[in-house]
Each structure stands twice: as structure tokens, then as C-alpha cells.
Amino acid sequence: MLLDIHGLTKNFGGLIAVDHLSMSVGEGQIVGLIGPNGAGKTTVFNLITGVIRPSAGKVEFDGKDVTGKSPHILAKSGIGRTFQLTPLFTDFTTLENVVASYYLHPRSGFWDSLFNTPKYRHNEAYALEQSLKILDMVGLSKVKDERAKNLPHGYQKMLGIARALAVQPRLLMLDEPLGGMNTDEITFTMDIMAKVRGLGMTILVIEHNMQILDLCDRVVAINFGQKIGEGSVKDIRNNPDVIKAYLGEQNVA
Amino acid sequence: MHTESLKRQRRNITIAAICVVVGLLFALPQLGLSVYFMHTLIGVFIWIIVANSLRLLGLSGQGSIGHAAFMAIGAYTSAILAKFLGWSPWITMPIGVLVTVVVGFLVAVPFTRVRGIYFTMVSLFFGIGVLAVNQVFNKWTGGYSGIISIPRLFAYIKTPYYYFCLALMVICLLIMYRLEHSRIGLTWKAVAQSYSVASSIGINEAWQRILCLGVSCFFAAIAGVAYAHYYVILTQETFSFNTSINVFVYMTVGGAGLFAGPIAGTAVLLIIPELLRDLREYVPFIYAAILLIVLFLMPQGLAGLPAQLWQLIKRPARAKRMASEKEVGERAP
Ligand SMILES: Nc1ncnc2c1ncn2[C@@H]1O[C@H](COP(=O)(O)OP(=O)(O)OP(=O)(O)O)[C@@H](O)[C@H]1O
Ligand SMILES: [Mg+2]
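How each quantity is defined
Residues numbered from 1 in each chain as written. Chains lettered and ligands numbered in written order. Predicted model: local features only at pLDDT ≥ 70, side-chain atom pairs only at ≥ 80, totals over all residues. Heavy atoms only, no water. Helix = DSSP H or I, 4+ residues; strand = E, 2+ residues; numbered from the N terminus. Buried < 20%, exposed > 50% of the residue type's maximum accessible area, 1.4 Å probe, protein only. Phe/Tyr/Trp six-rings, centres within 6.5 Å; stacked < 30°, edge-to-face > 60°. Lys NZ or Arg CZ within 6 Å of the ring centre and 35° of its normal. Near = heavy atom within 4 Å. Polar contact = N/O pair within 3.5 Å; in protein donor to acceptor, adjacent residues only side chain to side chain. Areas by Shrake-Rupley, 256 points an atom, 1.4 Å probe, with all protein chains shown as cover. Core = buried A, V, L, I, M, F, W, Y, C linked by side-chain atoms within 4.5 Å. Contact = heavy atoms within 4.5 Å. Buried area = accessible area lost by both parts, 1.4 Å probe. Salt bridge = Lys/Arg side-chain N within 4 Å of Asp/Glu carboxyl O. Nonpolar A, V, L, I, M, F, W, Y, C, P; charged D, E, K, R; others polar. Donors = N, O, S within 2.8 Å, 3.2 Å for Na, K, Ca; no water. Axes fitted to C-alpha atoms, helices over the stretch in contact; angles between N-to-C directions. Parallel < 35°, antiparallel > 145°, perpendicular 65-115°, else oblique. Left-handed = near helix turned anticlockwise from the far one by under 90°. Pairing = 2+ DSSP bridges.

### Some words on unusual backbone geometry
- The omega torsion across A:His105 and A:Pro106 is 5°, close enough to zero to call that bond cis.
- Note that A:Pro106 resides in the loop between helix H3 (94-101) and helix H4 (110-115).
- Here the phi dihedral of A:Glu176 falls at roughly 50°; this positive angle occurs in a residue that is not glycine.
- Looking at the secondary structure, you find A:Glu176 in the loop between strand S7 (171-175) and helix H7 (183-198).
- Even without a glycine there, the phi angle at B:Ser149 is positive, about 50°.
- Relative to the elements of secondary structure, B:Ser149 occurs in the loop between helix H6 (138-141) and helix H7 (159-180).
- Classification of B:Ser149 as exposed rests on a relative accessible area of 53%.

Structure follows, in C-alpha cells:
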């Protein structure tokens, strides 16, 4: 398994946001993480990527224990992610967002950058070329010189994915990539996710929109931080606990 | 394509203009620059380095109101070594810079644990702390009354100092410009905009903020040692809280968003009082007036004024053109 989580737990004061959660993601899969609002999905992401430290439990990536490591170390080990909110460098242009995200591979040191060495120039040319390719793939070429903060919401979400791809991750973690998108954008984004998987990447995706299930190989459903279901899409659709959790949410709303 | 060539053209004009200004500055002593004005300009060169080093720190989202303290560490280290050990200033100056950079990195480790306004407050306390250290070691630093008769770099004439400080400023500005426009600057700006996104793409954002502070200290210290061996006197007032605030004002009035900002701000705010020497009592009012005008009317600072004026000229023209196009469009069918 590429990602293994054992008994992951997070307390915020008295609130248990994630409660002894265990799950795994196999290489090349698309795994969905679903659950009602406040179920603890984003917290799971933040625990995996080291944004917050777990109260208990273990995170293993590629067979190595990475529990509680800093976010930049996890990026280095091969995890790219997007954020549910404020996913961007808002003052940069679209292109600058992606170029800046080519920070790890290739990596230019301080002195190479300062003295503009051939190695540095080669690295930067490569980063620019790859960034343009990524923007092309996610359909943002036409707005590459627009400031990120001026982009429409759907484009910003797309740019978040482009930025995460620049890390060249083995595992791509997407937090509600379809949130706030219109139907065309949803179809387009799902196409890109399929394409990304085709490139050999593994995807763990949080989503409210059940359309995402069409893409998933496996789904994990959580509520109140606890796993309430796991398995194939069909299993999840027929799981009474999952249905109850979502119906319950609708009753409240 | 069209905008690309336009951009290149504008860039070439800017480079040409800079060359002319720098050439003129180097020629000024031959063109009969008065000793008094030469003295003013030497000060301008030194403070431009400091104001730009403060802006460099700002690239990573860190604002300091204690930056003069780093100048002080370099200046006092070099001055004390030169005066009491009799070493040549040419040796003590690099040592002063080195010591400051080491101190800068050391204090950066705890300081950069806090961000934004909290960092700014820590920088204030650091500035006060350095002044306190200055008092404690008054045997060498002279405490409040300061240290005088610091060995000079050159004899009593000002011209070599003028060239030295001008060259120092040009070199420092070139390096800072290069830093900002390389990946280093890009990374710092990324960290300033969002540390969580920055760390998600593999940037060790805490280290980048430490690095930025260390590099900024390097330039502040260069200005500090140049100051020490030119003015040859350092007192408690030289690098006080007031000084740090002044530098902050030079930067913001000039325009913190632009590389030319601190340059314009420092030059204008230091030269104007000299031109208005007869109105000396009114200088604080003039300062206040400039500050208010800039704050309310120039969002980009003094350095943004040319672009702002250009917009003003262009806008009516464009409005007229658009209006006529609309008319044509309406008549067309
Ligand atoms: N930093 C924090 N401090 C305190 N409580 C938090 C913190 N982060 C999240 N929580 C709480 O933990 C619970 C889980 O939040 P989380 O953001 O993980 O939910 P989610 O499943 O992502 O929900 P949504 O679908 O609305 O994004 C919520 O009750 C939330 O209020
Ligand atoms: Mg969430």
C-alpha cells in the first residue's frame, strides 16, 4: 500500500475530530473520502500532510513512518495536495503559481540562483516548459498571465490542482476539487483526474459531490471522525450507515 | 508579441535611464559638487542600502521596526575592533558584517517562529534589547555618550568616501535586485502569500524566513560599517528606535511594493531638508505633509508616481477612443 493509516486520532480540546481511523490507499488507485460536513475529512488530510500533529496513531507513506513530519518533508517524500479554501498564491499570476511550485524537482540552490549559473538557467527553463504543459492540460493556458485572485472560482480550483501536480507527487490529495464548480467544470475536472491517474499517480479525494464516485476504485466514508463504511462504490451506495449519515444531514438542512 | 516588444522597449529605456543616473552620480564630484552636498549624498547612499534591505526582508512577509539594531551590531563590532585593537577598518568591516550575519541567523531561529505583526513586535524588542546591551558594555561602546574617533577609511577628504559608498550602494542594489528576481525571491514571495500552500509544495517556509532575515542583515550590516567609519562617531541615538522607524518611513513613502521605492523615499526624504535648510524649523511639517500626500494620493508610493501619472494621461485618451468606437458601433447597422 502506498499510504497506510493506523488508528489516527485527533482531539481539539474536548472535540474528537478524528477517532481511531484506519485506512489505506493502494498504488494507482483513486480512493474517495466522503462524509457529511464536519465529519473530519479535512482534518484527516491535515494529519497526513503534517499540517497538524495527531494525538495518536500512525501514518505510513511508501512503507516509511511519516507521522508528525513537517508538511515540506511530506511534499518531498511525494505527496501533493490542494486546499479546500485559499488554495493559491493570490498575488502571483496563474503561470507564476505553477512555476513557483516547481520548487523540489528540479531544485536550485541559493548560490546557483544568485549567480544565475547554467544549471540554474537549465532548471528554470525546464520548470517554465513543464508549467506551460500542465496549464495546457488543465485548460488554463489562456489565463496564464491573469492574477490568481482575479480568476473565477472554478479556475482557481483547477489552478490548485495544477500547483499540486508541479510537485510531481506519487500521491495527489484533493480536498473537494469539485466544490462550487458548474456541471461543465465538474466533467472537465473529473476527466483530468482520470488523466492524472493514467500518468501513474495515486489519488485520494475528499468530495461531497457524489458524482465523484464514478471515478473511485474504493471509498471510505466517515462521520464524527469515525469510519462508517469502506469498500467499492456499490458497497458504499448500499451501506445503511452511510445512507443514514447523509439523510440525517439533509434532514438538518 | 506586441506587448512583449513593448515590455522589452520599456525595460531598455529603464536600464538606459539608470545608467545615466549612476554615471551622473559618479561624475558629480568632477562637476563641482559642494562638500556639503557630497556629505548629504553619502548619507543617502548608506540609508538606501538599509531601506532596501528592509524591503528585502518584507519580500518574505516580515516587517521589522528594529532593523537599525543589525546596523548597530556591524557598526559597533567594526568600530571597537578598529579603535581598541588597532586593526585596519578594511579588516574590521568584513568582520563586523560577518558577526551581524551570524547574530542575524541565530536570533532568526526563535524570531521566525512568530509571523506577521508578532514578528514586527519581536523586532521592536530586539532593537530595544540591543540598545540595552550597548549600555551594559559601556566600557567599550561608550554607553549613552557613544564611541568617538573611530579610525577612518580614508583621510579627511570626502571624495573617496563618496565613491566608496556610491559603489557599495550600486553593488548592494544589484545583488538585491538579482535576489528578488531569481527563484529565491519567488520563493520568499510565495512564503509571504501563504505559508501553508508554500510548505505543501516542499518549501521549508521557516528556513526561508530565517534565510531572508539573515540576508537582509548582511546588507544592513554593510551600511552599518560604512556608517561607522565615515561618521567616525556612534552614539546611543545613532541606531535607536527612531532610526528604525525612519528607515521604515523611507521605504513606505517611496513605495514598499517597488524595488525603486526605498531608493526614491530615502533620496527625497533626506535631500529635501538639505535643500530647505533656511526653513529648518518647518521640516517636520514638510515631512508630515509629504507623508499624508503619499498615504492618501499615492498607493504605490513616490516610486509609483510616474506610472500613476502615465495612467492619468492615458485614461482620458482611452475613454475618448472607446466612446468614439461605441458611436461607430452603434451607427454601423
Ligand atoms: N484547528 C481546529 N481547531 C478546533 N477544531 C477544529 C479545527 N479544525 C477542525 N476542527 C473541527 O473538527 C471537526 C472536523 O472538521 P473538518 O474540517 O475536518 O471537517 P470536514 O469533514 O472537512 O468538513 P467539510 O465537509 O465542511 O469541509 C469540525 O467539528 C471542526 O469544527
Ligand atoms: Mg473539509
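### Digging into the packing of aromatic side chains
- Counting across every chain of the model gives 21 aromatic pairs over all chains.
- Summarising the aromatic geometry, the rings of B:Phe154 and B:Tyr161 are spaced 5.0 Å apart at their centres and angled 85° between planes, so their arrangement reads as edge-to-face.
- You can call B:Tyr161 buried: its relative accessible area is 2%.
- Three or more aromatic residues joined by ring pairs form one cluster here, namely B:Trp47, B:Trp90, B:Phe154, B:Tyr161, B:Phe164, B:Tyr227, B:Tyr230, B:Tyr231 and B:Phe239.
- Here the basic side chain of A:Arg81 rests over the ring of A:Phe83, its NZ or CZ set 4.1 Å away from the ring centre.
- Above the face of the B:Tyr195 ring, B:Arg115 is positioned so that its terminal group lies 3.5 Å from the ring centre.

### Overview of the site of ligand 1
Residue and element names in this part refer to chain A.
- In the vicinity of ligand 1 lie 13 residues, with Lys41, Thr42, Thr43, Gln84 and His208 positioned nearest.
- In this structure, Lys41 approaches ligand 1 through a main-chain N or O atom, which is 2.8 Å from an oxygen atom.
- For ligand 1, whose unbound accessible area comes to 630 Å², protein coverage reaches 61%.
- Among the secondary structure elements, those contributing two or more residues to the shell around ligand 1 are strand S2 (15-25) and helix H1 (41-48).
- In terms of residue count, H1 provides more of the shell around ligand 1 than any other element does, 3 residues in total.

### Focus on the nonpolar core
- In terms of nonpolar packing, the biggest core is built from 84 residues, with B:Tyr162, B:Leu234 and B:Phe239 touching the most fellow members.
- With 16 residues, helix H10 (residues 205-231) of chain B is the largest single contributor of residues to this core.
- Here B:Tyr162 is in contact with B:Leu25, B:Leu28, B:Pro29, B:Leu33, B:Met38, B:Leu41, B:Ile42 and B:Phe45, once residues within four sequence places are set aside.
- Ranked by size, the runner-up nonpolar core spans 59 residues in total, among them A:Leu95, A:Val196, B:Val191 and B:Val197.

### Details of the interface of chain A and chain B
- Listed per partner, the contact involves 28 residues of chain A and 24 residues of chain B.
- Carbon and sulfur atoms make up 65% of the surface buried where chain A meets chain B, a total of about 2300 Å² over both sides.
- Its largest share of buried area at the contact with chain B, chain A owes to A:Phe89, A:Tyr103 and A:Phe110, together 29% of the area lost on that side.
- The tally of links from chain A across to chain B stands at 1 salt bridge.
- Taking the shortest distance from any N to any O, the salt bridge between A:Glu124 and B:Arg183 comes out at 2.6 Å.
- Mapped by element, the contributors of at least two residues to the side of chain A that touches chain B are helix H2 (71-77), strand S6 (79-81), H3, H4 and helix H5 (118-137) of chain A.
- Tallied by class, the residues present in the side of chain A that touches chain B amount to 18 nonpolar, 6 polar and 4 charged.

### Here we look at the coordination of the magnesium ion (ligand 2)
Residues and elements named next belong to chain A.
- Taken together, the protein donors to the magnesium ion (ligand 2) comprise Thr42 (OG1) and Gln84 (OE1), at separations of 1.9 to 2.1 Å. Separated by 42 residues along the polypeptide, Thr42 in helix H1 and Gln84 in the loop between S6 and H3 bring together distant segments of the chain.
- Take Thr42: its relative accessible area is 26%, and that puts it in the partly exposed class.

### Considerations on the environment of A:Val44
All names here are of chain A.
- Positionally, Val44 belongs in helix H1.
- Overall, the relative accessible area of 0% leaves Val44 in the buried class.
- Between the C-alpha atom of Val44 and that of Thr9, which follows or precedes it by 35 residues, the distance is 8.9 Å.
- Leaving out residues up to four positions away in the same chain, Val44 has contacts with Val18, Leu21, Leu33 and Ile222.

### Comments concerning the pattern of salt bridges
- Throughout the structure, instances matching the rule amount to 15 salt bridges over all chains.
- A:Asp145 serves as the salt-bridge partner of A:Lys144, at 3.4 Å between the closest nitrogen and oxygen.
- Assessed through its relative accessible area of 57%, A:Asp145 is described here as exposed.
- Between B:Lys189 and B:Glu180 there is a salt bridge whose closest N-O contact spans 3.5 Å.
- Using a relative accessible area of 27% as the deciding quantity, one classes B:Lys189 as partly exposed.
- The class of B:Glu180 is buried, set by a relative accessible area of 8%.

### Structural notes on the packing of helix H2 (residues 35-59) of chain B against H10(B)
Residue and element names in this part refer to chain B.
- Running from N to C, H2 and H10 point in directions that differ by 165°, and their axes come no closer than 8 Å. When the interaxial angle is binned, H2 and H10 end up roughly antiparallel. In the packing of H2 onto H10, the handedness of the crossing is left-handed. Here H2 contributes His39, Ile42, Gly43, Ile46, Trp47, Ile49, Val50, Ser53, Leu54, Leu56 and Leu57 to the contact with H10, which in turn contributes Cys212, Leu213, Val215, Ser216, Phe219, Ala220, Ala223, Ala226, Tyr227, Tyr230 and Tyr231.

### Comments concerning the sheet that holds strand S8 (residues 202-206) of chain A
All names here are of chain A.
- Spatial ordering of the open sheet is given by S6-S7-S8-S3-S9-S10, a layout of 6 strands whose pairing is mixed. At either end of the open sheet lies a strand with only one pairing partner, and these are S6 and strand S10 (226-231). Averaged over all adjacent pairs, the angle separating strand axes in this sheet is 15°, with direction ignored.
- As defined by bridge partners, strand S3 (residues 30-34) adjoins S8 across 4 bridges and the pair is classed as parallel. For Gly32, the partnering residue across the bridge sits in S8 and is Val205.
- Against the sheet, helix H6 (residues 153-166) makes contact with S6 and S7, and its axis sits at roughly 160° relative to S7, the strand it touches most.

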